[in-house]
Amino acid sequence: MVRAHSERSVDALVSDFILEQSLENIELIHEQLRGAYDGESREEGEGQLNTREERNELQQTPLLASSASPSLRALASVDASTDALRIFIKRLCDENREHSEYEDAMLLDIIGVFASASCSPRTLRFWFETIAKNRKRKKEGVEALLRSVRNANGRSATSSFSPKCCFHLDGENAGILGNAEAKWPFAKDGFSVVTYVYVNSFENSETNQINAEALAQAAQISTPNMKISPTAAQVLASAAAGSKVEYMPRLFSLLSSEGSSGYESYFHKNYLIFEAQGEKGERITLPFSHQFQLKTWLCVGVEYSVKREMASLYINGKLVETHSMKLPKVTKPLGFCCLGTNPPAAMAGMQDKRRQCALYAELGPVYIFRDGLGTQAFKKLYERGGDYVPCYVGQYRDSLLTTALSQSIIGGHSSGGGENNSTHHHHESSTDPFARTASGNVATSTAPTTTEGEEDEAEIFDKSLSPKLLQLFHPSVSKLNIKSVTNLAPSGSSNAGRKGILIGNTKVFKRDLIRDSMWENFQPGPCEMLRLLLDEEGKEDNRIVDKSNACLILQVMVELARSHSQNVQAMASMNLGRLLSQILPRLFQETPNEDSLHVEICKLLGKLLVISREHDGLYDEMLASLYLTLKPYAQTGCSSNGIVEVLRSLNAEAHANASALVKLNGLQMLLDTGWDNIEMLRSNEDIAEELTLSLFVIVSAGDAIEASKILLEFISAFDGTQGYSLIISKGLKALNRAVHALNHSFRSAFTENFIGQGGIEILMRLLRKVAMKNEEDGTSRDEEKYGTESEIIADVILITGHLMNGGFLN
């Protein structure tokens, strides 16, 4: 199974090593990898790489693994069969091994590639135990975990929907053969084909080319010596020309029983082409201009509506192209429904001067509809992801659901590798700071948590699609070693209950996503990472913070929670904001004068804040514990640049979601924060400026009367003490912003309440206090104090002048 593509990159060429191995003998790769670390047979040093050849061989391992397809990577990391991944993790974290930077780098790459493809809950628990046990190698273990999660997330910008189960098509002899139909099902309303696809290559393999040339040679030899019918001659001519025709792998091929008409969609380089041919030979070819990327999960939809006479291409639920066209007429029965391939060259018709072109890719579920769906339906199909298994009312509903549950796909467990798929239970400990507040045991699965209303909505959507759904093939309900796949179309379809065929080398693969394994294994979810930030050998009341790994650990938490609602929910149940507010002060105390570290930590906190938007409770707690107060930073040694980064994140949230800050009484909390940290504001202009910008946004985002009351009470509390004149000046600037607000109703309500509550009198008393304080201090005042007092006077004049010009003081 050698794939030698022309003009291949170095990474792709290196991948031949893994691709030359048959899928059944993939364990040989593990044996070769383990052999590089077999210490018992070495004389120069236990477990060391002694020759340059051995180093070069192992150095190429992460390259070949990363360029291989997801299913091959997953198979290469099925830790239950060979324990290869655990061997490398243990090796990386071994304190007794004489480490070299060269060897560690290779181990990090290998673990990062394999674990990102598939990491079972059992292996992840082993990983954490190994890191905790080997304190000196904790950094390497955490870095490998970070690489693994980043690789898994980075495989696609939309990795949250990448299927845990997929059909692997080797690009040579693979594909899915769907069910035939007694009539052409797309004549009346049109069609839609939706699938999740990860294309490994658009190019031809060496094996395919050799076979095509052999077939062409045989056809050329046979034709002159045989008396054959015109149809047979056309078939042989097609075969003879096949080796010279450019390779164009099929996404789908829907052909009539005679092969003389139908619809096809295929790749030409990295562009998708749609082609239709009628029974009289008329042909329409539509090249879409969207460029497809290799090694990226995409939800692809091709649609044609007879009513609108429009062909459209959808990528990840979005309409990217649409073209007006009228397809030629087809009346013959649907004879060939090929997915990821097309019928062999033995067929004439649309295959005239063509060749069989199999797609080298991974396919998720494949939907075939007998109508155009429209933009909203494509969007919903994309949003629910490639793991969703629709169940329809009828005889197959219970059986399909039972099948999926028995294979633990809906629960998120891999059915491969012999893992123990029993449900994990978490026991709460009253002394454990990471325990959830809910009492009792919690049975977990990776199935998305949905409310009854959401479940009803999903069922309603499925029912709305069921009259249009012709065929549906889903890898999640397919058995690993069976060469057929059930058609999940509802019972009303003529093909319901019939099975498609997995052609040739087509395989079904199932994998464990590392983010799901984290949530499934540990009740705190990503918060479990915080245990690695603490020294477990320290006393319970005096744990030492592991400052060297702080950024790595927070980065892993960010990656684990990104686009993963279950992990976000777990962090919310663990009160992440409060946990961090207790850990951060000690961390900053342990790292005085490390400005770059503090800035990086605060940037990562900002990323966690953005992720927490998915959960209102967690978002509010993060804001209240870490952003509307500076207690975790100001008095604990955090650098001023770190605090500026915190306030910048707050300022960004104020612009993005000011109502959330208003709900938490953000205006009052920020004014109090400025009052409590007045010396810090006076010593750092950037901190004061960022705080002011947040005040500007919040003051006009909430209730006008409440904002007016807060500002009036705050300003009236000033007794003239010059040390606090700076925060009073900021409060006045916020007040000035409110009376100049663009929102007319807010501006009117604020101004009326301000004047009605004695605002003008309060401003005049403020001027009097400032003047009296200046007289008391005489010439002793410094330039800074004088400048702040001048700003107060100027702001009061601006506010009162605006009110007078607006006629509010008449």
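Every value quoted in this text rests on a predicted model; they were computed, and no experiment measured them.

K.L.:
Can you help me understand the overall build of the protein chain in this one?
P.N.:
Scanning the protein chain for helices and strands turns up 34 helices and 18 strands. By residue count, 56% of the 810 residues in the protein chain fall in the buried class. Sequence separation of 24 or more characterises 74% of the internal contacts of the protein chain that already satisfy a separation of 6 or more. Entry remark: accessible area of the protein chain is about 34500 Å², with carbon and sulfur atoms responsible for 49%.

K.L.:
Which parts of the structure should I look at to understand the pairing of strand β6 (residues 271-277)?
P.N.:
Both faces of the sheet carry side chains from a regular strand, because those side chains alternate between them. Counting buried positions over the seven residues of β6 gives six, a clear majority of the element. Here seven bridges tie strand β5 (residues 262-268) to β6, and the two strands are oriented antiparallel to one another. Of the residues in β6, the one forming a bridge with Phe-267 is Leu-272. Joining the antiparallel neighbours β5 and β6 is a turn of two residues, in which Lys-269 adopts a positive phi near 60°. Here six bridges tie β6 to strand β7 (residues 283-291), and the two strands are oriented antiparallel to one another. Paired with Ile-273 across the strands is Pro-287, a residue of β7. Hairpin connection between β6 and β7: a loop of five residues separates the two successive antiparallel strands, and Gly-281 in this loop has a positive phi of roughly 95°.

K.L.:
So what exactly am I meant to see when it comes to the environment of Ala-458 here?
P.N.:
Structurally, the position occupied by Ala-458 is in helix α16 (residues 452-465). The class of Ala-458 is partly exposed, set by a relative accessible area of 24%. Taking C-alpha positions, Ala-458 is 9.8 Å from Cys-391, a pair spaced 67 residues apart along the chain.

K.L.:
Honestly, the packing of aromatic side chains in this entry has me stumped. Any pointers?
P.N.:
The relative placement of two aromatic rings is captured by the distance of their centres and the angle of their planes. All told, the structure shown has 18 aromatic pairs when counted by the stated rule. With a centroid separation of 6.0 Å and 25° between ring planes, the pair formed by Phe-746 and Phe-750 is classed as stacked. Of this pair, Phe-746 and Phe-750 both sit in helix α32 (residues 744-756), separated by four residues, roughly a single helical turn. Taken individually, Phe-746 and Phe-750 each receive the classification buried, so the pair is uniform in this respect. Counting every residue linked through ring pairs, the aromatic cluster contains Trp-184, Phe-186, Phe-191, Phe-252, Tyr-263 and Phe-274. Its guanidinium or amino end placed over the ring of Tyr-266, Arg-250 lies 4.8 Å from that ring's centre, counting from NZ or CZ.

K.L.:
How should I be thinking about helix α27 (residues 666-676) in this particular structure?
P.N.:
Think of an α-helix as 3.6 residues a turn; residues three or four steps apart then line up on the same face. Among all positions in α27, only Gly-666, Leu-667, Leu-670, Leu-671, Thr-673 and Gly-674 are buried. On an axial view of α27, the arc spanned by its buried residues comes to 155°, and they lie on one face.

K.L.:
I keep staring at the confidence of the model for the protein chain and nothing clicks. Help me out?
P.N.:
Low pLDDT marks regions whose predicted coordinates should not be analysed in detail. With 70% of its residues at a pLDDT of 70 or more, the protein chain has an overall mean of 75. This model gives residues 1-30 a pLDDT under 50, and the stretch forms 67 contacts once residues within four places in sequence are excluded. pLDDT under 50 marks residues 393-454. Its contacts with residues more than four places away, or in other chains, come to 121 contacts.

K.L.:
Whenever I open this one, the packing of helix α21 (residues 576-590) against helix α22 (residues 595-611) confuses me. Can you help?
P.N.:
Viewed as axis vectors pointing N to C, α21 and α22 meet at an angle of 170°, and their least axial separation amounts to 12 Å. The orientation of α21 with respect to α22, classified from their angle, is roughly antiparallel. Between α21 and α22, the residues in contact are Leu-580, Leu-584, Leu-587 and Phe-588 and His-598, Ile-601, Cys-602, Leu-605 and Leu-608, respectively. For the contact of α21 with α22, the per-class residue count stands at eight nonpolar, one polar and no charged.

K.L.:
Help me out: how do you make sense of the environment of Ala-358 in this one?
P.N.:
As for its position among the elements, Ala-358 is in the loop between β11 (334-339) and β12 (360-369). A relative accessible area of 3% means that Ala-358 is categorised as buried. Sequence-wise, Ala-358 and Gly-175 are 183 residues apart; in three dimensions their C-alpha atoms are separated by 6.9 Å. Apart from the residues within four sequence positions on either side, Ala-358 is in contact with Gly-171, Glu-172, Ala-174, Tyr-247, Pro-249, Gly-340 and Thr-341.

K.L.:
Looking at this model, I keep getting lost on the side chain of Ser-725. Mind explaining?
P.N.:
Take Ser-725: it is sitting in helix α31 (residues 725-739). Excluding its chain neighbours within four sequence positions, the residues that come into contact with Ser-725 are Phe-718, Thr-788 and Ile-792.

K.L.:
Is there a simple way to explain helix α23 (residues 616-626) in this structure?
P.N.:
Burial analysis of α23 places eight of its eleven residues in the buried class, which makes it a mostly covered element. Of all the residues in α23, the buried ones are Leu-618, Tyr-619, Asp-620, Glu-621, Met-622, Leu-623, Ser-625 and Leu-626. Residues of α23 that are buried sit in contact with α20 (565-573), α21, α22, α24 (631-634), α25 (640-656) and α26 (658-663).

K.L.:
Before we go on, may I ask you to explain the pattern of salt bridges in this structure?
P.N.:
When the charged atoms of two side chains lie near each other, side chains of opposite charge can form a pair. One pass over the structure, following the stated rule, counts 18 salt bridges. We note a salt bridge from Glu-559 to Arg-562, for which the minimum N-O separation is 3.3 Å. Overall, Glu-559 belongs to the buried group, its relative accessible area being 8%. Put simply, Arg-682 and Glu-679 hold a salt bridge, and the shortest N to O gap is 3.4 Å.

K.L.:
Looking at this structure, I do not really get the packing of α27 against helix α30 (residues 704-716). What am I missing?
P.N.:
Relative orientation of the contacting elements α27 and α30 amounts to 20°, with a least axis distance of 10 Å. Viewed along their axes, α27 and α30 adopt a mutual orientation that is roughly parallel. For α27 against α30, the interelement crossing comes out right-handed. Only Ala-707, Ile-710, Leu-711 and Phe-714 of α30 make contact with α27, whose side of the interface consists of Leu-667, Gln-668, Leu-671 and Trp-675. Looking at side-chain class alone, the contact of α27 with α30 contains seven nonpolar, one polar and no charged residues.

What counts and what doesn't
- Residues numbered from 1 in each chain as written.
- Predicted model: local features only at pLDDT ≥ 70, side-chain atom pairs only at ≥ 80, totals over all residues.
- Heavy atoms only, no water.
- Helix = DSSP H or I, 4+ residues; strand = E, 2+ residues; numbered from the N terminus.
- Buried < 20%, exposed > 50% of the residue type's maximum accessible area, 1.4 Å probe, protein only.
- Contact = heavy atoms within 4.5 Å.
- Areas by Shrake-Rupley, 256 points an atom, 1.4 Å probe, with all protein chains shown as cover.
- Pairing = 2+ DSSP bridges.
- Phe/Tyr/Trp six-rings, centres within 6.5 Å; stacked < 30°, edge-to-face > 60°.
- Lys NZ or Arg CZ within 6 Å of the ring centre and 35° of its normal.
- Arc of directions from axis to C-beta.
- pLDDT = per-residue confidence, 0-100.
- Axes fitted to C-alpha atoms, helices over the stretch in contact; angles between N-to-C directions.
- Parallel < 35°, antiparallel > 145°, perpendicular 65-115°, else oblique.
- Nonpolar A, V, L, I, M, F, W, Y, C, P; charged D, E, K, R; others polar.
- Salt bridge = Lys/Arg side-chain N within 4 Å of Asp/Glu carboxyl O.
- Left-handed = near helix turned anticlockwise from the far one by under 90°.

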